[in-house]
Amino acid sequence: MRRVRYIDLSAQFREEQAELMPRIEQVLASGVVIGGPEIDALETELAAYCGVAHAVALNSGSDALALGMTVAGVKPGDEVITPPNSFVASTSSITRIGAVPVFADVRDDELLDPAAVEASITPRTVAIMPVHLRGAVCDMDALWRIARRHNLLIIEDAAQAMGTSYRGSRTGTLGTVGCFSAHPLKNFNAAGDAGFLTTGSREAAERARRLRNSGLKDRDTVVEWGVISRMDALQAAILRLRLRRLDGVIARRRANTATYRELLADLPLWLPHEPPDEFHTYHNFVVQCDTRDALQSALAESGIEAFVHYARPIHWQPAAKELGYREGQFPVTERLSRRILSLPIHQFLSAEDLHYVGSGIRRFFTERS
Amino acid sequence: MKVPYAYLAHQFADSERIFQRVRELTETGDYTLGRPVQEFESMLAVRLGIVHAIGVGSGTDGLKLALKAAGVGPGDEVVTAANTFIATIGAINDLGARPVLVDCDDSFCLDPDKLEDVLTSRTKAIVPVHLTGNMADMPRIMAIAGAHGLPVIEDACQALMSSLDGRFAGCWGLAGVFSLHPLKFINIWGDGGVIVTNDGRIGSDLRLLRNHGLADRDTVVTLGYNSRLDSLQAVVAAHVFQTADEIVRQRNQNAKFYDTELSGLDGIRVPPRRSHVTHTFVTYQLFARDRQRLLEHCLANGVDCKVHYPVPVYLQPALRCLGYEAGRFPVADRHARTVITLPVHEYLTEEQLAYTVEVIRRFYAQGAHDASCPLH
């Protein structure tokens, strides 16, 4: 039986090995494994890629969110509006800095619903954190209209959306700060934890660079308490290579989605939209259907890995009990959690793999009808 | 002659064996909390004789997570040493807790005689810092903590493999935290750390806290952090850790040489050495008369000395809010004025060690120093 894996990091390594290993050796030979020229160069290249003035390399996407909010001006006790259908780090980065997450529901396309955001605003609201889930992008014009009206910051959770764009501007330029992950499972991925933030403000970037390094202004002076959240130079060297290849990765993933759209067009499945002025990078390719669990099991029996991201909305998590939400409060998120299924979409899938997945899904629906 | 402080390029110069392991890892794609992390964790736990080892993103994160697991939260007081590296204070502050400082003694560790004076009803934990690879007086600190019912979280970031009466640093308190930073004793290719504990509940809480509070793929039981030791770094750590005993032996030999050659020198004072402590000499410090000029003299002669740390942490601008005034911690102040760090790493040759001694001797023999600078 054919096996179609959800992700294939070994294939990525084989493809890049010849270029990758010398870079790793170079970093080690330099003896500079924290900070240094690889970090500086990566930051410059990331800023240029996103089209933003500053990028700051950090240890993870979660840290990018926490530090991003801090340098944007979110303080303990402030409310931050965010969707309940993200990876938990969106919410836990808010609680971690002592701020209060306030959930707003999403639209059928899994992205933050501006109307729900507006309805959640209170006098304590300080920021909106749209999550560009799956590599899609939120309705930024509508969110900015609300933000301006209520004098709010926008913290882009772009952890899954490096390279995505909205009306010609890339993520990372669409908010007050942009927060990215380069976790191994992302399109733009390091070989371990890594992340970064982007900002147009020099002051914010400088503060983030201090905060990531214990608050040190120079070797001997701490101006405010910080944390340790430095991207390893080794990961920066890997990411610099992968940044040059990123557009190719995205193009291959987009080509895969085009194949799926043809293969799946007439089936009772909701497929991701891509409005004409948005550029989706397909970190995940998430379909929706009424019989999700049965479809997932049928695919697993055919050797196809398909996952649910995420089966349990954040407001249903045991950890969220203290936030005081109850079942039924976010009906779209709750309904989607029973309908969503992420199909393999990675750049190493062959045409045969895609057709195998396509026919597996078709067979499932044929056999049921 | 040059006597460099840094040795990373040297250390990984013959790196084919480790590259082979890195290649094996990259082929598996097991980058996050995978087998290499578990293997390093159990290797370390077995060596230290402790039940749980939990790999985290850095020593600083390790302290923060261990304190959080011990129940420290906003408004609580955490007692630690006035001469520590700033990250200890940063970790306490990051939890919204308040650092309360105690002066050190000439072991560079918290002075147990002064510990009881600062305990209040708000004290939630004690964080002794095993600075420089030396060890704090753990039997006394544990006794005081026990009498007050307080948990001890050891900041052993600089003291992996250090021991007192045969018991390793990090294995005395409720939890101990090590750093694997590139300048530490067991060093990796970036940031990383490990927390150790014998307490099962603390151990499982820490495994949750480091990984977003995820009990399984879909269940978040506590809102946590992302602070994991990278698999790749665990591969490096395990590789370096195999040579730990040899590093301890070599650094001690180098330190002994400096101690012997410099102890009689007018202008230099060697910190007291204690026979029941195995020091790992992550850094080798001496007290020096007219330190600043000696530092310049050493640097000018190719000996890459450092100062850890010229500004005591309690005088940092970021700590002003606590209201400690200059002079409050006289030993920490004296150290900041007189301490100098010599290169001591395991890649130094006998010639380099002898040259370092010679450079220092010459400085005092020339009378280039200000003899009125105090040493005590």
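Residues numbered from 1 in each chain as written. Chains lettered and ligands numbered in written order. Predicted model: local features only at pLDDT ≥ 70, side-chain atom pairs only at ≥ 80, totals over all residues. Heavy atoms only, no water.

**Student:** Looking at this structure, I do not really get the nonpolar core. What am I missing?
**Tutor:** Burial of nonpolar side chains together is a common tendency in soluble globular proteins. Grouped together as the largest cluster of nonpolar side chains are 128 residues, with contacts concentrated most on F40(B), L44(B), L48(B), W189(B) and I268(B). Here the element with the most residues in this core is helix α8 (residues 231-241) of chain B; it accounts for eight residues. Among the domains, domain 1 (8-241) and domain 2 (244-365) of chain B are the pair contributing at least three residues each to this core. If we ignore the near neighbours within four places in the chain, the residues touching L48(B) are L160(B), M161(B), F168(B), C171(B), F178(B) and V196(B). One finds V106(A), V286(A), L299(A) and L341(A) within the second-largest nonpolar core, a separate group that totals 30 residues. (Core = buried A, V, L, I, M, F, W, Y, C linked by side-chain atoms within 4.5 Å. Buried < 20%, exposed > 50% of the residue type's maximum accessible area, 1.4 Å probe, protein only. Helix = DSSP H or I, 4+ residues; strand = E, 2+ residues; numbered from the N terminus. Domains from an automatic or database assignment. Contact = heavy atoms within 4.5 Å.)

**Student:** What is the right way to look at the sheet that holds strand β7 (residues 167-168) of chain B in this model?
**Tutor:** The strands that make up a sheet are held in pairs by hydrogen bonds between backbone atoms, and each pair lies either parallel or antiparallel. Residue and element names in this part refer to chain B. Spatially, the three strands line up as an open sheet ordered β7-β6-β13, and their pairing is antiparallel. Edge strands, defined here as strands with exactly one partner in the open sheet, are β7 and β13 (277-278). Judged from the two bridges that link them, strand β6 (residues 163-164) and β7 form a sheet pairing that is antiparallel. Its bridge partner being in β7, L164 is matched across the sheet by R167. (Pairing = 2+ DSSP bridges.)

**Student:** What is the right way to read the pairing of strand β9 (residues 193-197) of chain B from this model?
**Tutor:** The side chains of a regular strand alternate, first on one face of the sheet and then on the other. All names here are of chain B. Counting buried residues in β9 gives five out of five residues, a clear majority hidden from the surface. Of the two faces of β9, both are covered, the one formed by G193, I195 and T197 as well as the one formed by V194 and V196. With five bridges joining them, strand β1 (residues 52-56) and β9 adopt antiparallel strand pairing. What sits directly across from I54, in β9, is I195. As defined by bridge partners, strand β8 (residues 175-179) adjoins β9 across four bridges and the pair is classed as antiparallel. Residue pairing for β9: V177 is matched across the bridge by I195.

**Student:** Any chance you could explain unusual backbone geometry here in plain terms?
**Tutor:** Residues apart from glycine generally show negative phi values, whereas peptide bonds are mostly found in trans. Between H309(A) and Y310(A) the backbone carries a cis peptide bond, its omega angle lying at 10°. Along the chain, Y310(A) falls in the loop between α9 (292-301) and α10 (331-339). Cis geometry is adopted by the peptide bond preceding Y309(B), which originates at H308(B) and carries an omega value of 0°. By the element assignment, Y309(B) lies in the loop between α10 (291-300) and α11 (330-338).

**Student:** Mind showing me how you'd approach the interface of chain B and chain A here?
**Tutor:** Accessible area lost when the parts come together is the quantity often used to give the size of an interface. Taken together, the 54 residues of chain B in the interface contact 51 residues of chain A. Summed over both sides, the interface of chain B with chain A buries roughly 4600 Å², with 59% coming from carbon and sulfur. Here chain B and chain A share two salt bridges between them. Of the charged contacts in the structure, one is a salt bridge between R228(B) and D193(A), with a shortest N-O distance of 2.7 Å. Sorting the residues of the side of chain B that touches chain A by element identifies α1 (8-11), α2 (16-28), α4 (59-69), α5 (86-94), β11 (219-220) and α8 of chain B as the ones contributing at least two each. (Buried area = accessible area lost by both parts, 1.4 Å probe. Salt bridge = Lys/Arg side-chain N within 4 Å of Asp/Glu carboxyl O.)

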